[in-house]
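Inside the fold
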Amino acid sequence: MSVKQRPNGAWRARYRDQNGKEHSKHEKTKRAAQKWLDEQTAAMVTGQWADPGAGRITWDEWVSRWIGMQVWADGTATAATTAVESVPWRLTAIRDVKHGDVQTWVTKESERGLAASTIRTRLNYVQMAFRAAVDNQVISRNPAARVKTPRIRKREATMKILTAEQVNAALEAAGEFRPFVAVCVFAGLRLGEAAGLQVGDVDRDRNNISVRRQVQGTSIPTTKITPPKAGSEREIFVPAQLIEMLAGVSNDTPEPFLFRTPLGHLYNRNSAGEEWRRIRKSAGLGDDVTLHNLRHTFASNLIASGCDVVTVQRALGHSQPSITLNVYSHLWPSAEDKTRSATATFMGAVLGSADSSRTPA
């Protein structure tokens, strides 16, 4: 490390990084050169140093490298790509992106009507990319830290739970798609899990369904079979009526997959969604009722029937009970509800006993 004056009068500060690479900067005064050198030295000591040249790469160049480092399922990679390609600084050097740029992007996404949950998801991927750039010494600070996002409505205000009458109406309107709807609402399967069901996954002796694969993709060319989401491979114990309904489907098909479109393809997100929109319209359900709401309805019924969080977690295929609680905690009775109910029962027993003792023989 050194600070020396050049023949032209400028002061050059020099140092070598952890890999032995030399870095230098010219300043008009010795004081300014020393200040820069001290800042670089302190950054290396505290682990906040970034290669001054590395930050010249554009955002697009960096996220291309970053996504290539990940071990992600196709769905996650698609979501991340959508997020990082939605920002307005794609061709800007990553070191030149400021906190205000990220905040302005979030604000404008909200103003154009993007859902708060979608904005938060996209920001999460953008923050991950910036954090990785810091960890790889491409930039020294994460400009996406502490960015404010729109308020997300409480789950109890947005989650749609279907009534028994609405489920019946959907099943009546489903036609050939009825068994698909049934495994979503009576077994809690995700769309891709239902599409991936095979005849061998249905056990008529034990009345259960095994979730062993899922169908991913939004169109026929992108459709493929993958393992279930992490922690989602499971057995679900279901009513005998559902097993009998699925047995009727398996008797009609000579191949392993239970569900096929009229043209013989596996259902994907778009084709299953098209079927559901037809059913939803015929059954008189709102446009905000999605096929995934059938899974919420399944979970709601388990909770209302007194199932504990671990039982619900296993039935839904969540990797952790905390995930189940994060999504459905508002459906479980609160401590106040339990206290009130328990005390009411006790009070009824006490007063009933008192009334009985006052009754003349």
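Use the structure listed above.
Residues numbered from 1 in each chain as written. Predicted model: local features only at pLDDT ≥ 70, side-chain atom pairs only at ≥ 80, totals over all residues. Heavy atoms only, no water.

1. Details of the overall build of the protein chain
Helix and strand counts for the protein chain stand at 15 helices and eight strands. Against the 2.2 N^0.38 benchmark of 21 Å for 361 residues, the protein chain shows a C-alpha radius of gyration of 29 Å, more extended than a compact globule. C-alpha extents for the protein chain along the principal axes are approximately 110 × 70 × 40 Å. Taking all 361 residues of the protein chain together, 40% fall into the buried category. Taking as baseline every contact in the protein chain between residues at least 6 positions apart, the subset at least 24 positions apart corresponds to 60%. Positive and negative side-chain charges of the protein chain, numbering 49 and 36 respectively, have mean locations separated by a distance of 10 Å. (Helix = DSSP H or I, 4+ residues; strand = E, 2+ residues; numbered from the N terminus. Rg over C-alpha atoms; globule rule 2.2 N^0.38 Å. Buried < 20%, exposed > 50% of the residue type's maximum accessible area, 1.4 Å probe, protein only. Contact = heavy atoms within 4.5 Å. Lys, Arg positive; Asp, Glu negative; His and termini not counted. Charge placed at Lys NZ, Arg CZ, Asp CG, Glu CD.)

2. Describing the packing of helix α3 (residues 74–84) against helix α5 (residues 116–135)
In a pair of packed helices, the angle between the axes and the distance between the axes together describe the arrangement. The geometry of α3 relative to α5 is characterised by a closest axis approach of 8 Å and an angle of 90 degrees between their N-to-C directions. As judged from the angle between their axes, α3 and α5 are roughly perpendicular. Where α3 approaches α5, its residues Thr 76, Ala 79, Ala 80, Thr 82 and Ala 83 are matched on the opposing element by Arg 122, Tyr 125 and Val 126. Class assignment of the residues belonging to the contact of α3 with α5 gives a composition of five nonpolar, two polar and one charged. (Axes fitted to C-alpha atoms, helices over the stretch in contact; angles between N-to-C directions. Parallel < 35°, antiparallel > 145°, perpendicular 65-115°, else oblique. Nonpolar A, V, L, I, M, F, W, Y, C, P; charged D, E, K, R; others polar.)

3. With respect to the packing of aromatic side chains
Per the counting criterion, the structure on display carries 10 aromatic pairs. Measuring from centroid to centroid gives 4.7 Å for Trp 59 and Phe 130, while their planes differ by 40 degrees, and the two rings are tilted. Note that Trp 59 is positioned in helix α2 (residues 59–69) and Phe 130 in helix α5, a separation of 71 residues in sequence. Here Trp 59 and Phe 130 have matching classes, each one buried. Taking 6.3 Å as the distance between ring centres and 35 degrees as the angle between the ring planes, the aromatic pair formed by Trp 89 and Phe 130 counts as tilted. With Trp 89 in the loop between α3 and α4 (99–111) and Phe 130 in helix α5, this residue pair connects regions lying 41 residues apart in the sequence. A relative accessible area of 4% places Trp 89 in the buried class. Pairwise contacts between aromatic rings join Trp 59, Trp 89, Trp 105 and Phe 130 into one cluster. (Phe/Tyr/Trp six-rings, centres within 6.5 Å; stacked < 30°, edge-to-face > 60°.)

4. Thoughts on helix α11 (residues 269–283)
Here α11 contains 15 residues, and its C-alpha end-to-end distance of 21 Å stays within 8% of the 21 Å for a straight helix at 1.5 Å per residue. Inspection of α11 places Ser 271, Ala 272, Gly 273, Glu 275, Trp 276, Ile 279, Arg 280 and Ala 283 among the buried residues, and these make up the whole buried set. The elements touched by buried residues of α11 are α7 (164–174), α8 (178–186), α9 (191–195) and α12 (293–304). Measuring from the side-chain oxygen of the N-cap residue of α11 to the backbone nitrogen of Asn 270 gives 2.9 Å; that N-cap residue is Asn 268. Just downstream of α11 lies Gly 284, where phi reads positive at about 75 degrees. (Expected span 1.5 Å × (residues − 1). Polar contact = N/O pair within 3.5 Å; in protein donor to acceptor, adjacent residues only side chain to side chain.)

5. A few points about the pairing of strand β2 (residues 11–16)
Put simply, side chains in a regular strand alternate between the two faces of the sheet. Covered by surrounding structure in β2 are Trp 11, Ala 13 and Tyr 15 only, the residues Arg 12, Arg 14 and Arg 16 on the alternate face being uncovered. Two strands pair when backbone bridges link them, and strand β1 (residues 2–5) and β2 are joined in this way by four bridges, in the antiparallel orientation. Bridge pairing links Ser 2 to Arg 14 in β2. Here β1 hands over to β2 after five residues, with Gly 9 in that stretch at a positive phi of 95 degrees. In sequence, β2 turns back onto strand β3 (residues 22–27) through a hairpin of five residues, with Gly 20 there showing a positive phi of about 85 degrees. (Pairing = 2+ DSSP bridges.)

6. Focus on the environment of His 292
By the element assignment, His 292 lies in the loop between α11 and α12. In this structure the C-alpha to C-alpha distance between His 292 and Leu 189, which are 103 residues apart in sequence, comes to 8.7 Å.

7. What to know about the pattern of salt bridges
In total, this model carries 15 salt bridges according to the counting rule given. Its salt-bridge partner being Asp 201, residue Arg 213 comes within 2.5 Å of it at the nearest N-O pair. Of this pair, Arg 213 sits in the loop between β5 (208–211) and β6 (214–216) while Asp 201 is found in the loop between α9 and β4 (202–203), placing the two residues 12 residues apart along the sequence. Connected through shared salt-bridge partners, Arg 14, Arg 16 and Glu 22 make up one network. (Salt bridge = Lys/Arg side-chain N within 4 Å of Asp/Glu carboxyl O.)

Remember that the coordinates give geometry; whether it matters functionally is a separate question.
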